[in-house]
Amino acid sequence: MKTALPLFAFALLLYSCNPKSGTSSAAPSEDTVPQTEEELADRMITKVKRIVDATDERLVTVEPIVDTLPAELGMVSGRIIKLWLENEQATKLTVTEPDDSGQMTGLSTFYFAGPDLFYASQPFAHFIFIGGKLEYWTDETWQVNPVSKDILDAREGYLYDEANKYMSWFFGN
């Protein structure tokens, strides 16, 4: 599993500068410093879920740009892609995914923070980016997959390639 020492150091720095750091409670709160890699991952997952939920709530009133790609070989229909923009910037992109029979029953979703990915999900996996860099790859139940840095880097490249491919459908090369 990839080390999160820089993130932990940053969290420790924030904790030491926090005027509420002297308070105590029985249950860990967001004011406490994560003590383990697992606690840090759980904290990040919780924050990302909240941000994604808040973004989805905000986008309820925004009409996405919708298009259908040509059907690929062996697929019953083309992928449906939807793009939500805020202030002329991509915020969310969804793409239907085929199941084993070629039906578009799955969904991949990409959330952006400026030009970078912030969060992505695919059938059976979630991906959390920090500063545009893939840091956590979880399964469908949000359990962190213990993968090497090389595998994380490869998946990061794949996810950016996928997002860019679908974004180029709307905006060209």
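Further up the page is the structure itself.
1. So, the sheet that holds strand β6 (residues 125–130)
1) Next: Ordered by their spatial adjacency, seven strands build an open sheet running β1-β2-β3-β4-β5-β6-β7, and the pairing between neighbours is antiparallel. Edge strands, defined here as strands with exactly one partner in the open sheet, are β1 (65–68) and β7 (133–139). On average, adjacent strands in this sheet sit at an angle of 15 degrees to one another, irrespective of strand direction.
2) Next: Pairing of β6 with β7, which is carried by six bridges, proceeds in the antiparallel orientation. When the bridges of β7 are listed, A125 appears paired with D139.

2. Brief notes about the packing of aromatic side chains
1) Next: According to the stated counting rule, one finds four aromatic pairs in the structure shown.
2) Next: Residues Y111 and Y119 carry aromatic rings whose centres are separated by 5.7 Å and whose planes lie at 45 degrees to one another, so their mutual orientation is tilted.
3) Next: Y111 sits in the buried class, given a relative accessible area of 5%.
4) Next: For Y119, a relative accessible area of 5% gives the class buried.
5) Next: Centroid distance F129 to Y160: 5.7 Å. Interplanar angle 85 degrees. Geometry classified as edge-to-face. Separated by 31 residues along the polypeptide, F129 in strand β6 and Y160 in helix α3 (residues 149–171) bring together distant segments of the chain.

3. A short note on α3
1) Next: A rise of 1.5 Å per residue sets the reference length of α3, with its 23 residues, at 33 Å; its end C-alpha atoms lie 32 Å apart and thus fit the reference within 8%.
2) Next: Of all the positions in α3, only L152, E156, L159, Y160, E162, A163, Y166, M167 and F170 are classed as buried.
3) Next: In the stretch just after α3, G172 is the one whose phi turns positive, near 80 degrees.

4. What to know about unusual backbone geometry
1) Next: Its identity as a non-glycine residue notwithstanding, F124 has a phi of 80 degrees, on the positive side.
2) Next: Locating F124 in the fold gives a position in the loop between β5 (116–122) and β6.
3) Next: Backbone geometry places W142, a non-glycine residue, at a positive phi of 70 degrees.
4) Next: Along the chain, the position of W142 falls in the loop between β7 and α3.

5. Focus: the pairing of strand β4 (residues 104–113)
1) Next: Counted residue by residue, β4 has seven buried out of ten residues, so it is predominantly covered.
2) Next: Counting the residues in the hairpin turn of strand β3 (residues 89–98) and β4 gives five residues, including G102, whose phi is positive at 90 degrees.
3) Next: Relative to β5, β4 runs antiparallel, the two being bridged by five bridges. Looking across to β5, one finds that F112 is bridged to L117.

6. Looking at the pattern of salt bridges
1) Next: Per the counting criterion, the structure on display carries eight salt bridges.
2) Next: Here R79 makes a salt bridge to E97, at a shortest N to O gap of 2.6 Å. Remark: E97 occurs in strand β3 and R79 occurs in the loop between β1 and β2 (80–86); sequence separation between them is 18 residues.
3) Next: Look at R79 and you get buried, because its relative accessible area is 10%.
4) Next: Under the relative-accessibility criterion, E97 is labelled buried at 14%.
5) Next: For the salt bridge of D153 with K149, the shortest nitrogen-to-oxygen distance reads 2.8 Å. Of this pair, D153 and K149 both sit in helix α3, four residues apart, which is roughly one turn of the helix.
6) Next: Judged by relative accessible area, D153 falls into the partly exposed class, the value being 26%.

Rules of the game
- Residues numbered from 1 in each chain as written.
- Predicted model: local features only at pLDDT ≥ 70, side-chain atom pairs only at ≥ 80, totals over all residues.
- Heavy atoms only, no water.
- Pairing = 2+ DSSP bridges.
- Helix = DSSP H or I, 4+ residues; strand = E, 2+ residues; numbered from the N terminus.
- Axes fitted to C-alpha atoms, helices over the stretch in contact; angles between N-to-C directions.
- Phe/Tyr/Trp six-rings, centres within 6.5 Å; stacked < 30°, edge-to-face > 60°.
- Buried < 20%, exposed > 50% of the residue type's maximum accessible area, 1.4 Å probe, protein only.
- Expected span 1.5 Å × (residues − 1).
- Salt bridge = Lys/Arg side-chain N within 4 Å of Asp/Glu carboxyl O.

By themselves these figures say nothing about function.
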